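Analysis of the macromolecular model
Each chain, letter by letter, is given below.
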Amino acid sequence: MAPALVWLTALMVVPCALVLALAFFRRGIYGGIDYTFTLENFGLVFDPLYAGIFLKSARIAGTATLIAVVIGYAAAYAISAAPRRWQPVFLFFAVLPFWSNYLIRTYAWIVLLNREGLITQLLRWLGYTGEPPSMLYTEGAVIAGLVYNYLPFVILACYAPLSRLNPELAEASRDLGASAATTFRRVILPLTVPGIAAGAVFVFVLSIGNFVTPALLGGGRFQMIGNLVYDQFLTANDWPFGAALAMALIAIMLLVLMVQALAADRASGRAAQTKGDADG
Amino acid sequence: MSEPRTLLAIDHVSKNFGRVTAVDGISLDIRENEFFALLGPSGCGKTTLLRMLAGFEMPSDGRILLDGKDIARTPPNKRPVNLMFQSYALFPHMSVRANVSYGLEMERLPAKEIRSRVDAILATTELVPFADRKPEQLSGGQKQRVALARALVKRPRLLLLDEPLGALDKKLRGAMQLELKRLQHEVGITFVIVTHDQEESLVMADRMAVLKDGRLLQCDTPHAIYEHPADRFVADFIGVMNFIPGKASADGVVAANGARIAGKVPAALTPGASAVASVRPERIRLFPSAETANRTTGTVEALAYHGLDLQLHVRTPLSPKPFLVRVTADAADRRPVASGDQVELGWDAADVRIFAE
Ligand SMILES: Nc1ncnc2c1ncn2[C@@H]1O[C@H](COP(=O)(O)OP(=O)(O)OP(=O)(O)O)[C@@H](O)[C@H]1O
Ligand SMILES: [Mg+2]
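Keep in mind it's a predicted model, so treat the numbers as computed, not measured.

**Considering the sheet that holds strand 19 (residues 342–347) of chain B**
Residues and elements named next belong to chain B.
- One open sheet holds the five strands; their spatial order is 15-19-16-17-18, and the pairing between them is antiparallel. Each edge of the open sheet is held by one strand with a lone partner, namely strand 15 (285–286) and strand 18 (323–328).
- Of the strand pairs in this sheet, strand 16 (residues 294–305) and strand 17 (residues 309–315) are connected by six bridges, and their pairing is antiparallel. What sits directly across from Thr299, in strand 17, is Arg315.

Printed below as a string of structure tokens:
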């Protein structure tokens, strides 16, 4: 317990507190920090220009989350339906890309989506002669990159409850007259929602703060909050504003995590509470 | 009384899983409104047969006729057959009421009718106080009743029950056996129950089938199977039996020590062939009269009171295993025996069953 606390304090609490403190000072004229108290930085976060970037980041992260959850759940479902002894093998392959470097995986997408990249070449080979499609440096490319990078998390998160599901529940549903689709909607899906929620929160939180993928696949001018923070610290040299942006981002992430934790807690808490009633 | 109508005909049904033959050419008729038991040792194919009736497995061979129509290929949600699962398979995220309503919602019945039918079945199964609970808040016996209510509320032609009492303790089992029988009578639905507990099937079933290694050994009333087992395996599996190994003769079996056991020899058994004579513990008398056909002496090795009767283990020269003898408490009081006593045992030729070894 104690070493963990020291670790957490040194690596999480202290840096966060420092960044938080920074956000309350002014930017110095030559880029340094002027140690006079102000709330301006937080006001600036709500400036339409920056609020817009927050919204755009949330939209991109949300879209990536939705796509990752649909694909990831389908993949997890297929794996859990495979013969038992093959499941670890399929899982291994599903998670395999995850073992390579994040940057390399993202560069691979550049090779794919480039104007003269693999996809264009494939189209040419199929007889397409027009302008090469512009795929790289678009919002779509960023979303594809995010989905691809975080998909393994969703697969793992959804596989856990799916593989634990008693197959007789689905059979009981069929036996009682439900079609396969109704069985999925009313029995399988509700019982695996915790996995979906965990996977979704994971993708969303990691996507909304991501700056590598938008920088590489979205091109120089494409900005998400992560890029904005990066710029403030390393290019604009406005550390206090960068800190305020970072704090706003952390606040959003914490909010999402808290909502999920509360929902999960309420689900299990309700069960425990009624169980108590039953025993009493 | 008119001839009972056949509801379900299982016609030469087989099921292979790869190289394993789980069910091997079984033919059975199940009659309207009967309580039918499938009995057999673990792995004999009971669950597989039941799953074919419910529609979860397709027979590799043979036909399953419900009211004369072949349903072997009908999906489970289109059969007027319901299965009560060995694990109950209650939906953990739904209340008792929602679990029970589910099947009727699938039939798209009006909400009012669903409500009244669910209320009625909850009352019959004494689940009204638990209607709003989740399955995890129920005891084993209550869960079992929910599973039963959920299947019964659909008013199936045929209700299949896979070891419905397996998870219950002995005392509750006894109560639930009677309860199931009462319910079956009340709702007038044909029940096919799977069990590997021979006592359970004797108590509950109108008729029963004994399976082994995927094959049907015997199908009859519990009484007929108990009194006239088809072969040595059935004789051993159903109830308790004392076996005397030996060789068949014209009028009985000659035991290893040369003693002659009188009894009716089946026609298929040629004199001199290996055979066993057998007799039920309750058919053996202590200190029999002189004219009793089969008699032997033995030493009491152990005795145990079972309330109504006294069970003796008696070592005899007839067989390597001690005889099990059941004496009524009354008889035991009249002529007390103790461990180590020499006793005389006797039984009638009519109570002897002889099988090929
Ligand atoms: N899906 C399957 N794949 C392969 N073999 C199977 C499958 N289902 C059952 N079997 C085999 O078929 C045989 C019969 O199994 P089944 O489950 O029907 O037995 P049972 O009589 O219900 O046994 P128990 O009393 O233990 O429940 C067994 O040898 C079993 O291993
Ligand atoms: Mg079974």
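**Quick look at the state of the cysteines**
- All chains considered together, the criterion is met by zero disulfides over all chains.
- Here Cys44(B) is not cross-linked by a disulfide; its sulfur's nearest cysteine counterpart is in Cys219(B), at 14 Å.

**Some points on the UniProt feature "transmembrane region" (unreviewed entry) in chain A**
- If you check UniProt for "transmembrane region" (unreviewed entry), the listed places come out as residues 6–25, 37–55, 61–82, 89–110, 141–162, 183–208 and 239–263 of chain A in our numbering.
- Secondary structure over residues 183–208 of chain A splits into 100% helix and 0% strand, and the C-alpha atoms at its two ends are 34 Å apart.

**Examining the pattern of salt bridges**
Residue and element names in this part refer to chain B.
- Taken as a whole and assessed by the stated rule, the structure comprises 31 salt bridges over all chains.
- In this structure, the salt-bridge partner of Glu32 is Arg157, at a minimum N-O distance of 3.0 Å. With Glu32 in the loop between strand 2 (20–31) and strand 3 (35–39) and Arg157 in the loop between helix 4 (140–152) and strand 7 (158–162), the pair connects residues that are 125 residues apart, well separated along the chain.
- Look at Glu32 and you get partly exposed, because its relative accessible area is 27%.
- Residue Arg283 pairs with Glu227 through a salt bridge whose shortest N-O separation is 3.2 Å. One end of the pair, Arg283, is in the loop between strand 14 (274–279) and strand 15; the other, Glu227, is in helix 7 (residues 222–227), and 56 residues separate them in sequence.

**Quick notes on unusual backbone geometry**
All names here are of chain B.
- One non-glycine residue, Asp67, adopts positive backbone phi at about 50°.
- Within the secondary structure, Asp67 is located in the loop between strand 4 (61–66) and strand 5 (69–70).
- Asp67 sits in the partly exposed class, given a relative accessible area of 32%.
- Positive phi, close to 50°, is recorded for Ala89, a residue that is not glycine.
- Mapped onto the elements of the fold, Ala89 is located in the loop between strand 6 (81–84) and helix 2 (96–106).

**Thoughts on the sheet that holds strand 13 (residues 260–262) of chain B**
Residue and element names in this part refer to chain B.
- A sheet is described by the order of its strands in space; here five strands give the open sequence 13-12-11-14-20, paired in antiparallel fashion. Strands with a single pairing partner mark the edges of an open sheet, and in this sheet they are strand 13 and strand 20 (353–356). Strand-to-strand twist of the sheet, defined as the mean angle between neighbouring strand axes without regard to direction, takes the value 40°.
- Relative to strand 12 (residues 252–255), strand 11 (residues 242–249) is paired through four bridges, and the arrangement is antiparallel. Note on strand 12: the bridge partner recorded for Ala248 is Val253.

**Quick look at the site of ligand 1**
Residues and elements named next belong to chain B.
- For ligand 1, the full set of nearby residues is Phe17, Ala22, Ser42, Gly43, Cys44, Gly45, Lys46, Thr47, Thr48, Glu163 and His196.
- Here an oxygen atom of ligand 1 sits 2.7 Å away from a polar atom, N or O, in the main chain of Gly43.
- Between ligand 1 and the protein, one listed contact pairs an oxygen atom with a side-chain N or O atom of Thr47 at 2.6 Å.
- Burial of ligand 1 by the protein chains amounts to 61% of its free accessible area of 630 Å².
- At three residues, helix 1 (residues 46–54) tops the list of elements feeding residues into the shell around ligand 1.
- Among the residues forming the shell around ligand 1, the class breakdown is three nonpolar, six polar and two charged.

**As for the interface of chain B and chain A**
- Contacts between the two partners involve 26 residues from chain B, matched on the other side by 22 residues from chain A.
- For the chain B and chain A pair, buried surface summed over both sides reaches about 2,100 Å², with 55% attributable to carbon and sulfur atoms.
- Here chain B is connected to chain A by two salt bridges.
- Salt-bridge contacts for Arg51(B) lead to Glu171(A); the nearest nitrogen and oxygen are separated by 2.7 Å.
- If you look at where chain B meets chain A, you find 10 residue pairs in polar contact (both at pLDDT 80 or more).
- Of all the elements in the fold, those that place two or more residues in the side of chain B that touches chain A are helix 1, strand 6 and helix 2 of chain B.
- With four residues, the top contributor of residues to the side of chain B that touches chain A is helix 2 of chain B.

**Focus: the packing of aromatic side chains**
- Counted under the stated rule, the structure contains 20 aromatic pairs over all chains.
- Between the aromatic rings of Trp109(A) and Tyr148(A), the centroid separation amounts to 5.5 Å while the plane-to-plane angle is 65°, which identifies the pairing as edge-to-face. Of this pair, Trp109(A) sits in helix 5 (residues 102–113) while Tyr148(A) sits in helix 7 (residues 139–164), and the two are 39 residues apart along the sequence.
- Of note, Lys56(A) hangs over the ring of Phe222(A), and the distance from its end group to the ring centre comes to 3.9 Å.
- Over the ring of Phe287(B) we find Arg335(B); its NZ or CZ atom is 3.8 Å from the centre of that ring.

**A short note on the nonpolar core**
- Core analysis: the biggest nonpolar cluster contains 67 residues, and Ile10(B), Leu38(B) and Leu160(B) have the highest contact counts within it.
- The element that contributes the greatest number of residues to this core is helix 7 of chain A, accounting for 11 residues.
- Look past the residues within four positions of Leu38(B) in its chain and what remains in contact with it is Leu28(B), Lys46(B), Leu49(B), Leu50(B), Val192(B), Ile193(B), Val194(B), Thr195(B) and Ala209(B).

**Observations regarding the side chain of Gln198(B)**
All names here are of chain B.
- Relative to the helices and strands, Gln198 resides in helix 6 (residues 198–204).
- Here the side chain of Gln198 touches Gly239 through a polar contact of 2.9 Å, landing on its backbone nitrogen.
- With sequence-adjacent residues up to four places away left out, Gln198 is seen in contact with Leu39, Phe237, Ile238 and Gly239.

**Observations concerning the environment of Asn16(B)**
Residue and element names in this part refer to chain B.
- Position of Asn16 relative to the elements: it lies in strand 1 (residues 6–17).
- Residues Asn16 and Pro271 lie 255 residues apart in sequence; the distance between their C-alpha atoms is 39 Å.
- In this structure Asn16 touches Thr21 and Ser60, once residues within four positions along its chain are discounted.
- Of the polar contacts made by the side chain of Asn16, one reaches the side chain of Thr21; its length is 3.2 Å.

Here is what the cut-offs are and how they apply
Residues numbered from 1 in each chain as written. Chains lettered and ligands numbered in written order. Predicted model: local features only at pLDDT ≥ 70, side-chain atom pairs only at ≥ 80, totals over all residues. Heavy atoms only, no water. Pairing = 2+ DSSP bridges. Helix = DSSP H or I, 4+ residues; strand = E, 2+ residues; numbered from the N terminus. Disulfide = S-S within 2.5 Å. UniProt positions renumbered as here; feature names shortened; annotations may be inferred. Salt bridge = Lys/Arg side-chain N within 4 Å of Asp/Glu carboxyl O. Buried < 20%, exposed > 50% of the residue type's maximum accessible area, 1.4 Å probe, protein only. Axes fitted to C-alpha atoms, helices over the stretch in contact; angles between N-to-C directions. Near = heavy atom within 4 Å. Polar contact = N/O pair within 3.5 Å; in protein donor to acceptor, adjacent residues only side chain to side chain. Areas by Shrake-Rupley, 256 points an atom, 1.4 Å probe, with all protein chains shown as cover. Nonpolar A, V, L, I, M, F, W, Y, C, P; charged D, E, K, R; others polar. Contact = heavy atoms within 4.5 Å. Buried area = accessible area lost by both parts, 1.4 Å probe. Phe/Tyr/Trp six-rings, centres within 6.5 Å; stacked < 30°, edge-to-face > 60°. Lys NZ or Arg CZ within 6 Å of the ring centre and 35° of its normal. Core = buried A, V, L, I, M, F, W, Y, C linked by side-chain atoms within 4.5 Å.

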